[in-house]
Amino acid sequence: MAYAALVKEHPYSHLIDTLKDGSVKFFNPQKLNDPRYGKLPLSIRVLLEAAIRKCDGFYVKEEDVQNFLDWQEQQNVAEVPFPPSRVLLQDFTGIPAMVDLAAMRDALVKHGVDPCLVNPVCPTDLIVDHSLQIDFSKCAIQNTPNPGGGENQSQGAPRSTSSTPALTSSAPGSGPRQPPRGGGSQCGGPRGSCSKASCSDPPASPGGHPPVVQQIENTPLLCPFHLQPVSEPETALKSQEMELIRNKERLQFFKWCSKAFQNVNVVPPDVGAVHQVNLEQLCRVVHVSDGLVYPDSVVGTDSHTTMINGLGVLGWGVGGIEAEAVMLGQPVALTLPQVVGCKLEGSINPLTTSIDVVLGITKHLRQANIAGRFVEFFGPGVAQLSVPDRTTIANMCPEYNATVSFFPIDQVTLKHFNKTNFSQEKLELLESYMKAVNLFRSYEDSEEDPLYSEVIEIQLSSFIPHVSGPKRPQDRVVVSDMKVDFHSCLKEKVGFKGFHVAADRLQTQVPFCHAGKEYQLAHGSLVIAAVISCTNNCNPSVMLAAGLLAKKAVEAGLGVKPYIRTSLAPGTGMVTQYLNTSGVLPYLSQLGFEVIGYGCATCVGNTTPLPEGVVNAIKQGNLVACGVLSGNRHFEGRLFDCVSANYLASPPLVVAYAIAGTVDIDFEKEPLGVTPEGKEMFLRDVWPSREEVQQMEEDTVVSSIFQELHGRMEKGNSLWSNLECPESVVFPWDSKSTYIRPPAFFHKLSKEVQPPRSIEHAHALLFLGNKVTTDHISPAGSISRVSAAAKYLLSKRLTPREFNSYGARRGNDAVMTRGTFASIKLLNRFIGKSGPKTLHIPSGQTLDVFEAAERYQREGIPLIILAGKDYGSGSSRDWVAKGPCLLGVRAIIAESFQKLHKSQLLGMGILPLSFLPGQTADSLELSGKEKFSISLPEDLGLGHALTVQTSEGKSFGVTALIDSEMDLMYYRHGGLLRYVARTMI
């Protein structure tokens, strides 16, 4: 809407304010001069701003604005609309929405209307990330022995005691790194791995043979041995080619959508996962449109959508129908949510990692009763959390059943955006706007704290570092208690923790020789130390913390005993890249933590044999030797048969224990080691601060990720770029396609809306009980070989291997309609046992649900469904209402409905009816085999009381569950899609 028209027509035009020179305008809720605004949770302020800006008297009314302002009284009571700024789709859920829009263009053509009128009203991003399957992979674990600790890998000599790393980092922008030795090696062979034949002096195993690294699925961006760029792996290219072949129809359709529709942005395959792209590229934080600035907000069809709340952008996941409705201009309907304030106080323990904090907060919230509510973080402790910490916490909403976990924008957020693709001008606009509308938080003044429905206080100091062991991952030990606990384990009887070492053997020490020097082993001596960045330790912060600790230790002159088998196994090449870019990889290498390859190694027992002297000493003294690793499995004897005690620890603690050489240490009271000058160095002296780690994470990981993703989006995918697609404004449907078909939602679409048609002499397609879920209504998994959908696909000459899944075929209404009520868990009272079958009442035959519905439609018989309580509960899916609609279901009579599903049914023209309180199908003695007639008056209104007549002479009352004028309008038009198409016609 143009600004002049906005001022003239908008009921809140008096709230319009300006920024800078007046060229940027915005709705300023503070100009309401309402003291309630300053006490609203910031997440509710975002909802309020959207209601003010979008107030049109129909979708959003002035009454809704007042309900937001009166949140303290109306929370969990008032029904309010929320028009988000954009929609996020992944390809599985995006394809039915785009197919519907394409079919709507066909409907307009039939009525002589310009099809180009059909476009999403709300900006829509569609990320093609769910199509890739792993068709080609080559498992890679380095087959040669890990050289281990401090031995020179080519000569087997002891490690140099010099504090200067053997490898040095390139300065940013200085070009590729040089090999450790020589200058003639060339990384990036024809298969994407290191071309070792051309290496002048590769690292060697103790036996003098170059290590052999097999090609792996995720080949590193840098060669692990020469730290030079490598070419794109052949496996990735082949998998992308297979993705194109398998999904060519769908990809061609998506590409057509990107050209044919306005307000649609398609992110092609091989750019990134939907949540990653949303965080790192699509996030606007503030939108600027037609000179108007407003907050970014999003609803998405991916479970990871909630991650965006960590950036101060309000967003959550919705079902396909809800997303499609928003695309077409309809707001999300929700009950005004309660907001739980999560107050973070205290200081984080210096040894506590980001993982400890994230999991600790998640545990607290899981134990609180916050299901279906918003969570908003505040308090002085919030500033200690980095943006990656915040997005991780926000992403774990399903773990504690919250709708969102919102972190308002603050200085930490602004600092993060400064490292991304935000220009300085955009940053200045963002900060000035957020402060102008009071959406920017400073936690220094508690007077700014909003009022919340409830406050949960979490002391960050309560999160203390743990290790797990010595035999099972579930046996956690506080690091400060490690020495005492280990002594206890030595004395306990043999069991989950005990080793039953005799009292006179507790102080046993066994000398041995290694590489010409004498050492001693005792109970608790460390012989294996493995830094692994997989599963729970994939967070960059913990790997960088390990690298910074190594840097400080090396600079202080500390080292690792050369007999300890040290190793570094990054989960992907990206880890190697950011460790190298940050400059800490050479220091890890100096301590013996050198990259050994990419794959499962130490966790699964693929550990380099220990030196013979070490093994003999352990056996001679019957010692409880130890291993420490940052993996996820460490059962007794798993790492090495003579290593009895094994502990899981964070990567920096693995490095610390390796330097100490034992787990029998109290880090608070005992030094890690002694410098060459004789100074004792404690763990606290080399442990990096959170500020150091966060700064390095922002400077290296965040910036490199944004640069890489931006480069991938700019460069594009050659396969996608070369993919041909139609140039027409209407899509040329392929009648032979089994993936994409025009749905029948616009069949017999008239220009004028017709009065509600009464339902006469309908049969019950199904007679269901309680708790019928969306999984029962529209299965999402594989297609059974004996299903109606399988019969259809077989008729199209597809083999069972080519069936794919219901999710992949959501763009084909013929498959999805046949998949409706196809769950093997569906319990239909007509049949008496689980299965996708029903009774065709006129003939008495038992048929597939689809076949029965098809026969009823041929016979001209309308259909209803009888059900019990909580019909339609579970996760939202677009076909849970679309499917019954195309089966010919006109109404569903149930004891109660899941609230969201009730609106979905109305959005597809199906009338949800509830039995009167106290009445059920059983209390009314319904067999389900009667014929049902429901008279619908022309003035059908909200909550209308109706009467159902049966062919047996019975009658009973029901209530039409139409709660809003919007739902009533959609029902009168036969559904949302027909309403939109008809308004254009």
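Right, let's walk through the structure included here. None of these values were measured; they are calculated from a predicted model.

Here the structure, examined in full by the defined rule, presents 23 aromatic pairs. Summarising the aromatic geometry, the rings of Phe512 and Tyr519 are spaced 6.0 Å apart at their centres and angled 35 degrees between planes, so their arrangement reads as tilted. Lying across the ring of Phe422, Lys426 places its NZ or CZ 4.6 Å from the centre.

With eight of nine residues buried, helix α28 (residues 879–887) is to be regarded as a mostly interior element. Within α28, the full set of buried residues consists of Trp879, Val880, Ala881, Lys882, Gly883, Pro884, Leu886 and Leu887.

The subject of this paragraph is the pattern of salt bridges. This model, assessed by the stated rule, comprises 33 salt bridges. Measuring nitrogen to oxygen at the nearest pair gives 3.8 Å for the salt bridge that ties Arg441 to Glu448. On the basis of relative accessibility, which here comes to 32%, the residue Glu448 falls in the partly exposed class. With a closest N to O distance of 3.1 Å, Lys497 and Asp485 form a salt bridge. Here Asp485 lies in helix α15 (residues 482–491) and Lys497 lies in the loop between α15 and β18 (509–514), a separation of 12 residues in the sequence. Of the two residues, Lys497 and Asp485, neither departs from the other in class, the shared state being buried. Each of Arg86, Asp125, Arg284 and Asp296 takes part in salt bridges that share partners, so that together they form one network.

In this section: the environment of Glu345. Within the secondary structure, Glu345 sits in strand β12 (residues 339–345). Along the primary structure Glu345 and Gln459 are separated by 114 residues, whereas in three dimensions their C-alpha atoms are 5.0 Å apart. Non-local contacts of Glu345, meaning those with residues more than four positions away in its chain, are made with Pro380, Gly381, Glu457, Ile458, Gln459, Leu460 and Ser461.

Time to look at the sheet that holds strand β15 (residues 454–459). Taking strand neighbours across the sheet as the criterion, the four strands line up as β14-β13-β12-β15 in an open arrangement whose pairing is parallel. Both edges of this open sheet fall to β14 (404–406) and β15, since each of them pairs with a single strand only. Pairwise comparison of adjacent strand axes, ignoring direction, gives a mean angle of 25 degrees for this sheet. The sheet contact formed by β12 and β15 spans six bridges and is parallel. Counted as the bridge partner of Val340 is Glu454 from β15. Of the strands in this sheet, β12, β13 (374–378) and β14 touch helix α2 (residues 42–53), which is tilted by about 120 degrees from β13.

Listing the buried residues of helix α19 (residues 612–621) in full gives Val614, Val615, Ala617, Ile618 and Gly621. Projected down its long axis, α19 shows its buried positions confined to an angular sector of 165 degrees, all on one face. Opposite the buried face of α19, at more than 90 degrees from it, the exposed residues are Glu612, Lys619 and Gln620. Next to the buried residues of α19 lie β18, β19 (517–522) and β20 (526–533). Phi turns positive, to about 50 degrees, at Asn622, one or two residues after α19.

Most of the time, phi is negative for any residue but glycine, and the peptide bond is trans. Cis rather than trans, the peptide bond between Gly469 and Pro470 has omega equal to 10 degrees. As for its placement among the helices and strands, Pro470 is situated in the loop between β16 (466–468) and β17 (476–478). Positioned with a positive phi, Asn804 is a non-glycine residue whose angle comes to about 60 degrees. Following the sequence through the fold, Asn804 ends up in the loop between α25 (788–795) and α26 (813–819). Overall, the relative accessible area of 24% leaves Asn804 in the partly exposed class. The backbone of Asp870 sits at a positive phi, close to 55 degrees, despite the residue not being glycine. Relative to the assigned elements, Asp870 resides in the loop between β29 (863–866) and α28.

Reading the values: rules and limits
- Residues numbered from 1 in each chain as written.
- Predicted model: local features only at pLDDT ≥ 70, side-chain atom pairs only at ≥ 80, totals over all residues.
- Heavy atoms only, no water.
- Phe/Tyr/Trp six-rings, centres within 6.5 Å; stacked < 30°, edge-to-face > 60°.
- Lys NZ or Arg CZ within 6 Å of the ring centre and 35° of its normal.
- Buried < 20%, exposed > 50% of the residue type's maximum accessible area, 1.4 Å probe, protein only.
- Helix = DSSP H or I, 4+ residues; strand = E, 2+ residues; numbered from the N terminus.
- Salt bridge = Lys/Arg side-chain N within 4 Å of Asp/Glu carboxyl O.
- Contact = heavy atoms within 4.5 Å.
- Pairing = 2+ DSSP bridges.
- Axes fitted to C-alpha atoms, helices over the stretch in contact; angles between N-to-C directions.
- Arc of directions from axis to C-beta.

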